[in-house]
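Structural overview for review
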Amino acid sequence: MEDDRLFRVSALGAWTVALFLLLPGLGVIPVSFTPERYLSLPGRTWSLRHYQALGTDGLWLGSLGDSLIVAIGATALAVSLGTGAAVGCWRLSTRVSELFRYLMLFPLIVPPVVHALGFYRAWVDFGLIDTHAGLIAAHAMKGIPYVTITVSAALADFDLSLERAARSLGATPGVILREVILPIIRPGILAGGALAFITSWDELVVNLFITSRGVVTLPRRIWEGVQDNISPSVAAVATILILVTAVVSIVATVRRMPPRRG
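Residues numbered from 1 in each chain as written. Predicted model: local features only at pLDDT ≥ 70, side-chain atom pairs only at ≥ 80, totals over all residues. Heavy atoms only, no water.

We now examine the overall build of the chain. Across its full length, the chain carries 14 helices and zero strands. Secondary structure elements of the chain occur, N-terminal to C-terminal, as α-α-α-α-α-α-α-α-α-α-α-α-α-α. A globule of 262 residues ought to have a C-alpha radius of gyration of about 18 Å, yet the chain, at 23 Å, is considerably larger. Overall, the C-alpha framework of the chain stretches about 75 × 70 × 30 Å when taken along its three principal axes. Counting every position in the chain, which comprises 262 residues, the buried fraction comes to 34%. Partitioning the contacts of the chain with sequence separation of at least 6, the portion at a separation of at least 24 is 68%. Total accessible area computed for the chain in this model is approximately 16600 Å², and 69% of it derives from carbon and sulfur atoms. Of the charged side chains in the chain, 21 are positive and 17 negative; the average position of the first set lies 4 Å away from that of the second. (Helix = DSSP H or I, 4+ residues; strand = E, 2+ residues; numbered from the N terminus. Rg over C-alpha atoms; globule rule 2.2 N^0.38 Å. Buried < 20%, exposed > 50% of the residue type's maximum accessible area, 1.4 Å probe, protein only. Contact = heavy atoms within 4.5 Å. Areas by Shrake-Rupley, 256 points an atom, 1.4 Å probe, with all protein chains shown as cover. Lys, Arg positive; Asp, Glu negative; His and termini not counted. Charge placed at Lys NZ, Arg CZ, Asp CG, Glu CD.)

This is the structure in structure tokens:
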């Protein structure tokens, strides 16, 4: 009886925390259906005009395209460099490699404003201000630590006997990396890539410092919409992002669930 009561209290606490985290974000959903031109809750009339505006407004579509280009490019670069760094440190297994691995976490410790100032000063000299390449490089640097952490965690459980067996069969280091190591640590790579993509997709502070009008990502467009003219289109964008995130999370959860036994 006492265990059952403890379970109910724990479940109630978990649901309370979940609702506390979800309700502020879910509050924008009804606002996105307002027929008015300003932020307000819809009355008896609900409208899709702001969703239709997103599909026809070149500014929003352009920002969506910029965000996809930057996020995909930054994720690819972060996964490549982060995986290579993690595998290299794992292979060396020395104090120097451990120190290097800790230094890789530096972007997670430094405040975003400090990052943004450093990127701005360096990118001015390199001529990368307000370019896709400059934003991709900056976002990749912020995503590399996540890839390094997840791949290092996957390598911690790697069975070295598999590598020795492949070497005894005549496999070269390149073949071992491609055919043995990378397939086994693939979950860590995918997890790091997902975190790098989310980091790039949601990044705003660095964008404000190193872009102006040439590259306007979705977070910056939302920021400008809130600053200049608070339009319900911002709520419509937020609702779409919430819906996409929820669908992806549900699909990922269902795929990880063990099959039912008949």
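Structure's up, so let's keep going.
Attention now goes to the packing of aromatic side chains. Inspection of every chain in the model, using the stated rule, returns six aromatic pairs. For the pair Phe119 and Trp123, a centre-to-centre distance of 5.4 Å together with 50° between the ring planes defines the contact as tilted. Remark: Trp123 and Phe119 occur in helix α7 (residues 112-126); sequence separation between them is four residues, near one turn of the helix. Assessed through its relative accessible area of 8%, Phe119 is described here as buried. With centroids separated by 5.9 Å and ring planes inclined at 15°, the aromatic side chains of Phe197 and Trp201 adopt a geometry described as stacked. One end of the pair is Phe197 and the other is Trp201, both in helix α11 (residues 186-202) and four residues apart, which spans about a single turn. (Phe/Tyr/Trp six-rings, centres within 6.5 Å; stacked < 30°, edge-to-face > 60°.)

Let us look at the packing of helix α4 (residues 58-92) against α11. Contact geometry for α4 and α11: axes closest at 8 Å, N-to-C directions at 140°. As the angle between them shows, α4 and α11 are arranged oblique. Between α4 and α11 the crossing geometry is right-handed. Facing α4, whose interface residues are Leu64, Ser67, Leu68, Val70, Ala71, Ile72, Ala74, Thr75, Ala78, Val79 and Thr83, α11 presents Ile189, Gly193, Ala196, Phe197, Ser200 and Trp201. Of the residues contributing to the contact of α4 with α11, the split by class is twelve nonpolar, five polar and no charged. (Axes fitted to C-alpha atoms, helices over the stretch in contact; angles between N-to-C directions. Parallel < 35°, antiparallel > 145°, perpendicular 65-115°, else oblique. Left-handed = near helix turned anticlockwise from the far one by under 90°. Nonpolar A, V, L, I, M, F, W, Y, C, P; charged D, E, K, R; others polar.)

Looking now at the side chain of Arg221. Considering the arrangement of structural elements, one finds Arg221 in helix α13 (residues 218-228). Among the polar contacts listed, one links the side chain of Arg221 to the side chain of Ser63, at a separation of 2.9 Å. (Polar contact = N/O pair within 3.5 Å; in protein donor to acceptor, adjacent residues only side chain to side chain.)

With that settled, consider helix α10 (residues 173-184). An α-helical turn contains 3.6 residues, so any two residues separated by three or four positions project in the same direction. Look at α10: 15 Å from first C-alpha to last across twelve residues, which is about the 16 Å you get at 1.5 Å a residue. Of the residues making up α10, those classed as buried are Ile176, Val180 and Ile181. Along the axis of α10, the buried positions cluster into a sector of 85°, meaning they face one direction only. Looking at the packing, one finds that the buried side of α10 touches α4, α8 (132-156) and α9 (160-168). (Expected span 1.5 Å × (residues − 1). Arc of directions from axis to C-beta.)

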